[in-house]
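So the chains spell out like this:
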Amino acid sequence: MSEPDEHPGIQRVREAAARKGVTLEIRVFGESTHTAEEAAAAVGAEIGQIVKSLVFVAPGDSDTTELDPILCLVSGPNRVDLARLAAVTGEKDVRRATAREANELTGFSIGGIPPIGHSRPLRAVMDPDLGRFPVVWAAAGTPSAVFPVSPATLRTLANATVAPLAEDQPPADREPDSSSAQSG
């Protein structure tokens, strides 16, 4: 059995970064870093420093049934607003990829999807909230591997467009107005 850092997914991430002249410090943990909360606890960071690599899809050309993948690099506590993502990408029918679609489109399983090293080129959009931190942490190809990177380097590695795509959050010090709360 190979060492954890020799996992093929980790090697693809390492090689993708090297092609852009970046050497990554990939850290492999015994426990899962599958969720933003688990990753933050494992590396001793704020949850906002955790990069969630979320895969969304839009219909491809009308002649095919192929899906056009969109990778969203999102700060840990944030959720993607589909209307904002549609506006940023110009895709009106964008939706979250299923676990199977995400795996087929990236070559990685949910919980370990990195921002780079995918099996095919992906359009990437990056949450500007990640830029609030000097260092953020992203998945490195498995549910227990992560790497630290500056937001600017992350943007370059992923060839990402920085654009607001997160849902508005109510201020932390006040309760949401029940008359405007959404059900669902």
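Please refer to the structure higher up on the page.
Residues numbered from 1 in each chain as written. Predicted model: local features only at pLDDT ≥ 70, side-chain atom pairs only at ≥ 80, totals over all residues. Heavy atoms only, no water.

Draft legend 1. Geometry of the overall build of the protein. Along the backbone of the protein there are 5 helices and 8 strands. Secondary structure elements in the protein, listed N-terminal to C-terminal, are α-β-α-β-β-α-β-α-β-β-β-α-β. In the protein, which comprises 184 residues, the proportion classed as buried is 44%. For the protein, long-range pairs separated by at least 24 residues make up 65% of all intrachain contacts whose partners lie at least 6 apart in sequence. (Helix = DSSP H or I, 4+ residues; strand = E, 2+ residues; numbered from the N terminus. Buried < 20%, exposed > 50% of the residue type's maximum accessible area, 1.4 Å probe, protein only. Contact = heavy atoms within 4.5 Å.)

Draft legend 2. Focus on the pairing of strand S6 (residues 136–139). Examined bridge by bridge, strand S2 (residues 50–59) and S6 share 2 bridges and lie parallel to one another. If you follow Ile50 over to S6, its bridge partner there is Trp137. Where S6 meets strand S7 (residues 145–149), 4 bridges bridge the pair, whose relative direction is antiparallel. If you follow Val136 over to S7, its bridge partner there is Val149. As consecutive antiparallel partners, S6 and S7 are separated by 5 residues, and within that stretch Gly141 has a phi angle of approximately 110°, a positive value. (Pairing = 2+ DSSP bridges.)

Draft legend 3. Up close: the pairing of S7. The buried count for S7 comes to 4 of 5 residues, which makes it a mostly enclosed element. Where strand S1 (residues 27–28) meets S7, 2 bridges bridge the pair, whose relative direction is antiparallel. Each bridged residue has a counterpart across the sheet, and for Val28 the counterpart in S7 is Ala145.

Draft legend 4. Structural context of helix H2 (residues 36–43). Of all the positions in H2, only Ala36, Ala39, Ala40 and Val43 are classed as buried. Take H2 and look down its axis: the buried residues cluster within an arc of 100°, on one side only. Turned more than 90 degrees away from the buried face of H2 sit Glu37 and Ala41, all of them exposed. Within two residues after H2, Gly44 carries a phi angle of roughly 70°, on the positive side. (Arc of directions from axis to C-beta.)

Draft legend 5. A look at the side chain of Thr106. Residue placement: Thr106 occurs in helix H4 (residues 99–106). One polar contact links the side chain of Thr106 to the main-chain carbonyl oxygen of Ala102, over a distance of 2.7 Å. Here Phe108 takes part through its backbone nitrogen, which lies 3.0 Å from a polar atom of the side chain of Thr106. Apart from the residues lying within four places of it in its own chain, the contact partners of Thr106 are Arg12, Val55, Ile113, His118, Ser119 and Leu122. (Polar contact = N/O pair within 3.5 Å; in protein donor to acceptor, adjacent residues only side chain to side chain.)

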